[in-house]
Amino acid sequence: MDIQLTLNGAPQHVTCAPGDSLLTVLRRLGCFSVRFGSGTGETGAAAVLVDGRLVSADVLLAAQAGGHEVTTVESLDVATGELHPIQAAFVESGALQSGYSAGAMVLATQALLARDPDPSEAAIRDAFSGILDRETGYVKVVDAVQRAAALLRGEKPDPMAPVVVARLADGGDAPVPEAPAAVPRLVLSADVPTTSVVGKGVPKVDAVKLVKGKPAFVDDIELRGMLWAKVLRSPHAHARIVAIDDTQARALPGVHAVLHAFNTPRVKYASGGQSWPNPRPWDQVSFDDKVRHVGDRVAAVAAESPEVAAAACRLIEVTYEVLPSVLDEVEAISPGAPVIHDETDTVGIHDAARNTTHHIVGQTVSDEALEAAFAAAPHVLERTFHVQQQQQCPIEPHITIGWLDEDERLVLRSSTQVPFHVRRMVAPLLGLPVKRIRVVKPRIGGGFGGKQEMLLEDVVGHLVLATRRPVRLELTREEEFVSSRIRHAQTITFRSAFDDDGHLLAQDFHTVGNTGPYATHGFTVQSVSGQRGLSEYNCPAKRFTADVAYTNRPVAGAFRGYGAPQALFALESHMDDIARTLGLDPIELRRRNWVREGDPLDILPELGERGASETGDVPRVSSCATDECVAQARRAIGWERRADPLWKRPPDRPNIRRGIGFALCMQATSIPDLDMGGASIKINDDGSFNLLVGATDLGTGADTVLAQIAAEVLDVGAEDVIVYAADTDLTPFDVGAYADSTTYISGAAVKKAAEAVRDRIVLRAARLLELADADGIELRAGEAWAPDGRSVSLEDVALHSLHVEDQEQIMATASHVSSVSPPPFAAQTVEVEVDVDTGQVTVGKMVMAVDCGVAINPTTASGQVEGAMAQALGYALTEDLVLDDDGRAVNARFGPYWIFRSDDMPPMEVFLVQTMEPSGPFGAKSVGEIAIDGVAPAVRNAILDATGVTVDELPLTPERVWRALRG
């Protein structure tokens with residue numbers, strides 16, 4: 001059918017099918033800023049303006065737009081290098097992380113400000129309530145709108161820069177300077193040296209292309225002859241595939257390939273994106289003759305259109321032998337449970353007959369010594385907790401596009417956190433050498449660990465090789481929930497012995513982890529739970545045991561925090577219970593036990609990624625600002641109100657109880673002796689630099705941080721460092737984005753490479769300045785300065801080295817691996833109201849103070865904290881993938897699965913507390929994961945403070961709280 005519409009001010013004639021969405025047509029016309037988030041409109045990623053009103057283009061038929069004016073963010077792209085004030089405000093505020101929905105946000109701002117030039121914060125949050133942002137926590141988005149409004153009114157808002165907060169732990173009490181919530185609060189440390197680029201909130205190096213909606217993501221590419229792939233999924237939680245008849249599917253016009261277990265080689269692998277060799281068991285194949293969860297792969301189709309591919313999937317006839325299933329991790333390892341892996345070609349399962357992939361033990365004393373400590377202790381407390389499966393919910397679903405290049409090499413353009421791991425892992429499945437595969441990672445629309453997996457690449461590779469055509473495979477939102485990856489559920493039992501003063505004497509931590517039907521990250525996630533759960537506090541006797549259970553739930557994998565949120569919910573809840581038992585202030589109890597600088601982390605050698613350490617060397621805390629973090633978080637939340645009965649039980653609201661909760665957090669910074677990153681830097685003719693890194697920016701600002709590190713060493717602006725990242729053909733190796741390693745590991749590699757380039761520059765400058773040697777030459781602001789005050793520009797150095805005399809390319813490559821993993825620390829406080837009539841919990845404020853060493857970019861660092869707290873609030877209160885008795889998800893879409901919207905979020909305040917970490921680049925430690933760890937236990941402890949009741953199962957739903965209130 002033919003329609004006429006006005007697109008970005010110009011008449012447009014469109015030919016489309018009756019069922020085409022406006023999203024489909026707009027992308028066909030080159031409007032790549034309009035992006036897919038779901039087929040039902042809840043994400044808002046496809047929002048456009050239709051006659052000035054914000055509308056989700058994925059739920060509007062193109063035919064419905066006929067005769068109307070449609071506006072996308074491309075309408076604002078009127079000149080190269082120039083930004084509309086709204087776009088400039090989003091860049092300045094740091095409101096863009098992945099930027100996947102940036103076009104929708106800019107248009108929402110445009111529509112709001114057109115009707116209200118000076119909107120309130122409530123109005124802004126309401127206007128953005130239809131655009132889900134899994135990354136920012138909305139704080140900086142609100143600031144961007146306020147900043148844009150000021151610019152459009154002709155005002156000049158203050159620049160986005162941290163406010164400096166006086167230290168409290170040293171006895172100071174100066175108030176926090178007034179500043180918008182989006183501005184990071186920076187607590188300085190005297191031993192951190194002054195820097196010119198590092199420590200500054202410079203705009204993201206990719207901000208312009210994101211805010212302009214440029215084609216930056218996997219799907220923003222057009223390939224001639226591309227086929228569309230669909231995967232037929234299992235309707236059963238557990239079944240054997242007896243037969244597959246694909247005759248009708250293959251005969252359907254437009255179908256080019258149908259793959260399944262009976263025509264695809266059976267090569268065993270583990271899909272978790274981890275270092276070589278991948279942890280066993282290798283319990284997966286591309287297509288198996290047994291399905292182990294609803295949504296498991298059965299077959300894949302490549303066809304001329306998504307509609308034909310879907311129709312072909314419906315024509316595949318599958319004969320199943322349905323088998324009993326088990327969903328609960330404790331039931332799964334009990335006698336009589338159905339055996340999930342009964343095949344004979346999987347090796348490395350600890351006990352397949354008991355559905356136990358791994359049995360993990362790590363302890364600092366013998367069993368006998370541990371039990372003796374418990375027997376002699378004056379107090380012992382034991383409690384069991386349960387945490388649920390939470391989905392990562394990236395707004396960009398998993399997507400991979402593959403093709404054969406001009407040399408007939410397989411190219412996989414994929415939304416992955418681990419491109420180098422994917423290349424290595426997919427090669428044997430496809431029967432190709434690694435050298436015949438190239439993996440390219442463009443911008444990623446959120447990952448959060450869910451894309452630390454080889455999830456689609458093998459299917460796409462098989463189909464490309466079968467058809468010799470480009471192939472595109474993207475998950476639907478329902479598939480993202482049930483067929484990608486999800487956080488491990490755990491049943492956790494904590495037992496602690498302590499004396500009358502609250503000093504810990506022994507800790508025994510046991511967990512049963514639910515890995516679903518495949519063990520992808522089962523061993524490492526549960527090991528990290530043990531590390532985190534038994535490292536925060538000094539204790540002379542510790543033991544961790546874990547059973548990793550196969551079940552028929554969706555497959556568990558990596559998720560931000562990687563085992564720490566589960567462990568710290570249990571540990572920090574348990575610590576409050578101990579404090580209550582002894583009548584101690586919860587913070588004071590922790591103060592008597594928490595680790596400090598110089599203290600040993602004695603459980604870590606027992607629970608390494610590759611098992612117990614052979615050397616037995618015990619790492620120690622090398623930098624720690626827990627005292628300061630706690631002091632800042634305690635003051636900001638108003639901790640003293642816990643003792644105010646009128647505040648806790650407001651007389652005018654008899655159904656309301658108020659409380660304040662606390663949680664201490666500790667994470668890690670990379671995996672020691674395992675994570676490695678490489679970097680290469682070269683100078684260009686004009687004195688700018690190209691930086692090539694294998695590191696993967698998920699929207700975290702990693703490319704910007706790495707550019708800042710290089711710029712600091714070379715004393716140029718971050719804008720003079722052009723970053724190329726994550727292409728297995730062109731960039732150095734990097735393990736990828738996980739374990740909070742990018743700034744610490746890849747940043748150190750960048751620093752080394754930049755220092756080597758600097759050394760070459762000063763040698764060349766000495767020649768130009770006719771000096772006998774390079775001693776004393778310094779780089780400052782794009783110039784090489786001699787001790788006598790003369791200088792030469794970096795452009796002159798570059799031109800001389802490339803064109804004039806003894807020509808050379810000034811460049812360097814470096815890599816870095818660390819034998820230590822310095823932990824960041826954080827203090828989390830929250831304020832809640834509990835309605836005792838309904839059990840409804842409302843969080844009034846969240847505060848986190850983080851010791852992340854030196855924040856290379858305080859704006860992006862605080863944005864990471866805000867976004868992680870928003871995810872953590874969902875973990876605490878609402879997020880849970882619920883299955884029926886047959887293993888089918890009943891809430892596999894946004895709405896029934898509730899993630900927090902802009903108008904749901906409480907106020908948040910972030911403090912970045914400096915320490916000078918000696919092993920990190922410019923003193924940096926990690927920041928991206930720790931902020932997801934503390935909200936859930938702090939909310940649980942705030943409920944305890946408000947009501948006196950404990951709720952030990954997440955999420956803390958109104959029903960669970962209501963039942964606890966009634967005993």
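Calculation notes
- Residues numbered from 1 in each chain as written.
- Predicted model: local features only at pLDDT ≥ 70, side-chain atom pairs only at ≥ 80, totals over all residues.
- Heavy atoms only, no water.
- Helix = DSSP H or I, 4+ residues; strand = E, 2+ residues; numbered from the N terminus.
- Contact = heavy atoms within 4.5 Å.
- Buried < 20%, exposed > 50% of the residue type's maximum accessible area, 1.4 Å probe, protein only.
- Pairing = 2+ DSSP bridges.
- Axes fitted to C-alpha atoms, helices over the stretch in contact; angles between N-to-C directions.
- UniProt positions renumbered as here; feature names shortened; annotations may be inferred.
- Phe/Tyr/Trp six-rings, centres within 6.5 Å; stacked < 30°, edge-to-face > 60°.
- Core = buried A, V, L, I, M, F, W, Y, C linked by side-chain atoms within 4.5 Å.
- Polar contact = N/O pair within 3.5 Å; in protein donor to acceptor, adjacent residues only side chain to side chain.

Caption draft 1: Highlighting the environment of Gly-44. Locating Gly-44 in the fold gives a position in the loop between helix 1 (22-28) and strand 3 (47-50). Between the alpha carbons of Gly-44 and Val-735 there is a distance of 33 Å; along the sequence they are 691 residues apart. When sequence neighbours within four positions are dropped, the list of residues in contact with Gly-44 reads Ser-56, Ala-104, Gly-130 and Ile-131.

Caption draft 2: Highlighting unusual backbone geometry. Put simply, Arg-280 and Pro-281 share a cis peptide bond, and its omega is 10 degrees. Mapped onto the elements of the fold, Pro-281 is located in the loop between strand 10 (255-260) and strand 11 (290-291). Of note, the phi angle at Arg-468 is positive, near 60 degrees, even though the residue is not glycine. Here Arg-468 shows up in the loop between helix 12 (457-467) and strand 19 (471-474). Despite not being glycine, Tyr-562 has its phi angle at roughly 50 degrees, a positive value. Mapped onto the secondary structure, Tyr-562 falls in the loop between strand 22 (542-550) and helix 15 (564-582). Judged by its relative accessible area of 15%, Tyr-562 falls in the buried class.

Caption draft 3: Representation of the sheet that holds strand 10. Pairing is mixed across the open sheet formed by 7 strands, whose spatial order is 10-12-8-19-16-17-18. Lying at the two open borders of the sheet, with one neighbouring strand each, are strand 10 and strand 18 (437-440). Mean inter-strand twist for the sheet, computed between neighbouring axes without regard to direction, equals 20 degrees. As paired strands, strand 8 (residues 227-233) and strand 19 are joined by 2 bridges and run parallel to one another. Counterpart to Leu-227 in the pairing with strand 19 is Val-471.

Caption draft 4: Representation of the pairing of strand 9 (residues 239-245) within the structure. Pairing of strand 9 with strand 11 involves 2 bridges; the strand directions are antiparallel. The residue bridging Ala-239 from the neighbouring strand is Val-291, located in strand 11. Bridge count for strand 9 against strand 13 (residues 317-322) is 6 bridges, and the pairing is antiparallel. Looking at strand 13, one finds that Ile-241 is bridged to Tyr-320.

Caption draft 5: Structural context of the UniProt feature "domain: Aldehyde oxidase/xanthine dehydrogenase a/b hammerhead" (unreviewed entry) in the protein chain. Under the feature "domain: Aldehyde oxidase/xanthine dehydrogenase a/b hammerhead" (unreviewed entry), the UniProt entry names residues 212-324. Segment residues 212-324 splits into 13% helix and 31% strand. End C-alpha atoms: 52 Å apart.

Caption draft 6: Looking closely at the packing of aromatic side chains. This model, assessed by the stated rule, comprises 8 aromatic pairs. An angle of 70 degrees between the planes, with centres 5.6 Å apart, marks the rings of Phe-481 and Phe-894 as edge-to-face. With a gap of 413 residues between them, Phe-481 in helix 13 (residues 477-483) and Phe-894 in the loop between helix 22 (858-877) and strand 33 (908-913) connect regions that are remote in the sequence. Overall, the relative accessible area of 1% leaves Phe-481 in the buried class. Ring plane angle 80 degrees and centroid distance 6.2 Å describe the contact between Trp-639 and Phe-662, whose orientation is recorded as edge-to-face. Of the two residues, Trp-639 sits in the loop between helix 17 (626-637) and helix 18 (645-648) while Phe-662 sits in strand 23 (residues 656-666), which places them 23 residues apart along the sequence. Across this residue pair, the class does not change: Trp-639 and Phe-662 are buried. Through successive ring pairs, a cluster of aromatic residues spans Phe-481, Phe-894 and Tyr-897.

Caption draft 7: View of the sheet that holds strand 26 (residues 721-725). Across the sheet, 4 strands lie side by side as 26-25-24-30; this open sheet has mixed pairing. At either margin of the open sheet sits one strand with a lone partner, and together these are strand 26 and strand 30 (811-817). With strand direction ignored, the average angle separating the axes of adjacent strands in the sheet is 20 degrees. Relative to strand 30, strand 24 (residues 676-683) runs antiparallel, the two being bridged by 7 bridges. Paired with Gly-677 across the bridge in strand 30 is His-816. In the packing of helix 20 (residues 742-768) onto the sheet, contacts are made with strand 24, strand 25 (689-693) and strand 30, and the angle to strand 30 comes to roughly 150 degrees.

Caption draft 8: Geometry of the nonpolar core. Leu-22, Leu-26, Phe-90, Phe-128, Met-846, Leu-877 and Val-939 are the most contacted members of the largest nonpolar core, which has 175 residues in total. Broken down by element, the residue count for this core peaks at 10 residues, all from helix 22. Those residues in contact with Leu-26 that sit more than four places away from it in its chain are Leu-7, Cys-31, Val-34, Val-48, Ala-57, Val-70 and Thr-72. Counting 50 residues, the second largest nonpolar core, distinct from the first, contains Ala-710, Val-713, Ala-784 and Ile-856.

Caption draft 9: Structural context of the side chain of Ser-680. You can see Ser-680 is positioned in strand 24. Reaching out from Ser-680, the side chain makes a polar contact with the side chain of Thr-813 at a distance of 3.3 Å. Beyond its immediate chain neighbours, meaning those up to four positions away, Ser-680 contacts Asn-690, Leu-691, Leu-692, Pro-732, Met-811, Ala-812 and Thr-813.

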